[in-house]
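A closer look at the structure
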Amino acid sequence: MTRLDAQQPAPAGPIEKTPLERYVAPARPSLVGLSRTELAQALAAVGVPAPQHKMRVQQLWHWLYMRGVTEFDAMTSVSKELRAALAARHTLARPEVVAEQVSVDGTRKWLIELPGEHAGERPHQVETVYIPDDGRGTLCVSSQVGCTLNCSFCHTGTQRLVRNLTAGEIVGQVLIARDRLGDWQAAADKGEEAAGRLVTNIVMMGMGEPLYNFEAVRDALAVVADGDGIGISRRRITLSTSGVVPNIARAGAEIGVMLAISLHAVTDALRNQLVPLNRKYPIAELMQACRDYPGLSNARRITFEYVMLKGVNDSLADARALVKLLKGIPAKINLIPFNPWPGSRYECSDWDAIEKFSEYVFNAGYSSPVRTPRGRDILAACGQLKSATEKLSARERMALRAMAMTE
Ligand code: SAH
Ligand code: SF4
């Protein structure tokens, strides 16, 4: 392991890679993820007259996002003719789930394949994880295949190819979770459409930097938060960013969900190395963007994520500096035990160090989600989703829980 300290020069590597922008829509695109306006356009394209659009869109919305139907024929309130016309041009497909892992404690991981851009190209893979906990269920959703940023402790950042997910592929992950959990039927059985759901919270903490796929994430979350459909309120959706400062203000204005910041270091010298984007948007600018985030209060706090790296950022002096840095910002601190990966140059902090750090921030008045009862198991946590075939280890599951604790 390399000891990184403030004296060491920042790495000269690039701050970011260029994403592939070659997404080619399928011949029969899915209606999943479309906004009301886009659904109206799809209806217009099959000859539905404009005065009917509002009513027809409402019907489609209900079947798509309240009932989660996967066949046009299940849309019993829609005429046979219209169903056939829509089916000729569209599907109700979600992205393809190629593997599902279910753990004893109910955590589930779905490996999702997205078609490559060219015939013969290997499909892209992303992951979605469901974490049930104390009366709620959090879904960890991906926003990109890979990530253009190169955080030095993150496995996703080492992936060379990056493609933005479409809004449909992002909403699709939520539908997949509800499909696989039987969440549509469970709610319908209760007679109350929105009650009794298993997926109650969303965290944009899977693969990718959501604020570098702004429009798709914004449009997808608008669908997810819509009360006539999926109905997961903005207060229960958390977007995690490595600190794309200009888009934080935009997210406040256009997305309006809860914010989590991947801080991980309290000095620019160290953060430049851990999160190279810091070279573009240093800590002071990031903190100002946080202070300016709309709607902040004690009930609506920003979560600051802090990955615990042994001998790098885990001293009591760091804890003190962290508390000082966050002064005046309604904040929660989320300590994430580092999850090592083959070739990673860091180690996870010792449990003692995590405990001391956590105790300090707790005594300073911040809830600190890494809790002792979770014990040693929580070490080697996970903050990044990657591998195709690996099962989630017990330790990863515990760690994902720590990440999901954003309330
Ligand atoms: N790109 C966004 C969201 C995805 S990463 C962001 O960086 O915020 C979700 C969280 O997992 C981030 O806080 C990220 O820094 C953290 N993370 C990444 N790799 C990790 C690892 N190996 N161990 C622990 N946490 C990690
Ligand atoms: Fe990208 Fe987030 Fe990983 Fe950094 S931590 S490389 S921003 S996914």
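Fair warning: this is a prediction, and the values are worked out from it, not measured in the lab. (Residues numbered from 1 in each chain as written. Chains lettered and ligands numbered in written order. Predicted model: local features only at pLDDT ≥ 70, side-chain atom pairs only at ≥ 80, totals over all residues. Heavy atoms only, no water.)

Overview of the overall build of the chain
Regarding its fold elements, the chain presents 12 helices and 11 strands. By sequence separation, contacts in the chain at least 24 residues apart represent 68% of the contacts at least 6 residues apart. Of the roughly 16,900 Å² that the chain leaves accessible, carbon and sulfur atoms contribute 52%. (Helix = DSSP H or I, 4+ residues; strand = E, 2+ residues; numbered from the N terminus. Contact = heavy atoms within 4.5 Å. Areas by Shrake-Rupley, 256 points an atom, 1.4 Å probe, with all protein chains shown as cover.)

Digging into the pattern of salt bridges
Within the structure shown, the criterion is met by 16 salt bridges. Note that R108 and E100 form a salt bridge whose closest N and O atoms lie 3.4 Å from each other. By relative accessible area, which is 28% here, E100 ends up partly exposed. In this structure, E169 and R163 form a salt bridge, with 3.0 Å as the shortest nitrogen-oxygen distance. By relative accessible area, E169 is classed as buried at 9%. Its relative accessible area of 1% is what places R163 among the buried residues. Bridged by salt links that share partners, the residues E215, R218, D219, R250 and E254 form one connected network. (Salt bridge = Lys/Arg side-chain N within 4 Å of Asp/Glu carboxyl O. Buried < 20%, exposed > 50% of the residue type's maximum accessible area, 1.4 Å probe, protein only.)

Quick look at the site of ligand 2
Neighbouring ligand 2 are the residues C147, L149, C151, C154, G157, G208, E209 and S242. Among the residues making up the shell around ligand 2, the classes are represented as 4 nonpolar, 3 polar and 1 charged. (Near = heavy atom within 4 Å. Nonpolar A, V, L, I, M, F, W, Y, C, P; charged D, E, K, R; others polar.)

Quick word on the nonpolar core
By size, the foremost hydrophobic cluster in this structure holds 107 residues, and its most contacted members are F153, I202 and F304. If we ignore the near neighbours within four places in the chain, the residues touching F153 are H264, L274, V275, V307, L309, F338, W341 and Y346. Core analysis: the next-biggest nonpolar cluster, separate from the first, contains 6 residues, V129, I131, V203 and M205 among them. (Core = buried A, V, L, I, M, F, W, Y, C linked by side-chain atoms within 4.5 Å.)

Things to note about the sheet that holds strand β8 (residues 237–241)
One open sheet holds the 9 strands; their spatial order is β1-β2-β3-β4-β7-β8-β9-β10-β11, and the pairing between them is mixed. The open sheet has two free edges, formed respectively by β1 (96–102) and β11 (331–337), since each of these has just one partner strand. When strand polarity is set aside, the average angle formed by the axes of neighbouring strands in this sheet is 20°. As defined by bridge partners, strand β7 (residues 201–204) adjoins β8 across 3 bridges and the pair is classed as parallel. The residue of β8 that forms the bridge with I202 is I237. Sitting on the sheet, helix α11 (residues 351–363) touches β10 (302–308) and β11, and the angle it makes with β11 is about 180°. (Pairing = 2+ DSSP bridges. Axes fitted to C-alpha atoms, helices over the stretch in contact; angles between N-to-C directions.)

Regarding the packing of helix α10 (residues 316–325) against α11
It is the contact of α10 with α11, at a shortest axis distance of 9 Å, that shows an interaxial angle of 25°. Relative to α11, the element α10 lies roughly parallel. Where α10 crosses over α11, the two elements pack in a sense that is right-handed. Counted together, L316, D318, A319, R320, L322 and V323 of α10 and K356, F357, Y360 and V361 of α11 form the full contact between these two elements. (Parallel < 35°, antiparallel > 145°, perpendicular 65-115°, else oblique. Left-handed = near helix turned anticlockwise from the far one by under 90°.)

Section: helix α4 (residues 167–181)
Compared with an ideal rise of 1.5 Å per residue, which puts 15 residues at 21 Å, α4 spans 22 Å between its outermost C-alpha atoms and is within 8% of the ideal. The buried fraction of α4 is high, at 13 of 15 residues. Once α4 ends, the next one or two residues include G182, with phi positive near 65°. (Expected span 1.5 Å × (residues − 1).)

Comments concerning the side chain of T200
With respect to the helices and strands, T200 occurs in the loop between α5 (183–189) and β7. A distance of 2.7 Å separates the side chain of T200 from the side chain of N201, its partner in a polar contact. With residues near it in sequence (within four places) discarded, T200 still touches R136, G137, I232 and R236. (Polar contact = N/O pair within 3.5 Å; in protein donor to acceptor, adjacent residues only side chain to side chain.)

Brief notes about the environment of S77
Among the structural elements, S77 can be located in the loop between α2 (53–67) and α3 (80–89). S77 sits 17 residues away from L60 along the chain, and the two C-alpha atoms are 9.2 Å apart. Ignoring sequence-local partners within four residues, the contact set of S77 consists of R56, Q59 and W63.

Examining helix α9 (residues 283–291)
Looking at α9, one finds that the buried residues are I283, L286, M287, A289 and C290. Along the axis of α9, the buried positions cluster into a sector of 160°, meaning they face one direction only. Taken together, the buried residues of α9 touch α7 (245–254), β9 (258–262), α8 (268–274), β10 and α10. (Arc of directions from axis to C-beta.)

Some details on the confidence of the model for the chain
Detailed reading of the predicted model is not advised wherever pLDDT is low. Mean pLDDT over the chain: 87, with 84% of residues reaching 70 or higher. Below pLDDT 50 for its whole length, residues 1–7 participates in 16 contacts with residues either more than four positions away or in separate chains. Residue range residues 371–390 is modelled with pLDDT below 50. Its contacts to residues more than four positions away, or to other chains, number 72 contacts. (pLDDT = per-residue confidence, 0-100.)

Points about the packing of α4 against helix α6 (residues 214–225)
Packing of α4 against α6 brings their axes to within 8 Å, and their N-to-C directions diverge by 40°. As far as their axial angle goes, α6 and α4 are oblique. When you trace α4 past α6, the crossing you get is right-handed. From α4, A167, I170, V171 and V174 reach across to α6, where they touch A216, V217, D219, A220, V223 and V224.

Some thoughts on the environment of Y65
Mapping Y65 onto the fold places it in helix α2. Residue class for Y65 comes out buried when judged on its relative accessible area of 0%. Not counting chain neighbours up to four residues away, the residues in contact with Y65 comprise L31, V32, G33, L34, V171, L175, W184, V223, G229 and I230. A polar atom in the side chain of Y65 sits 2.8 Å from the backbone nitrogen of G33.

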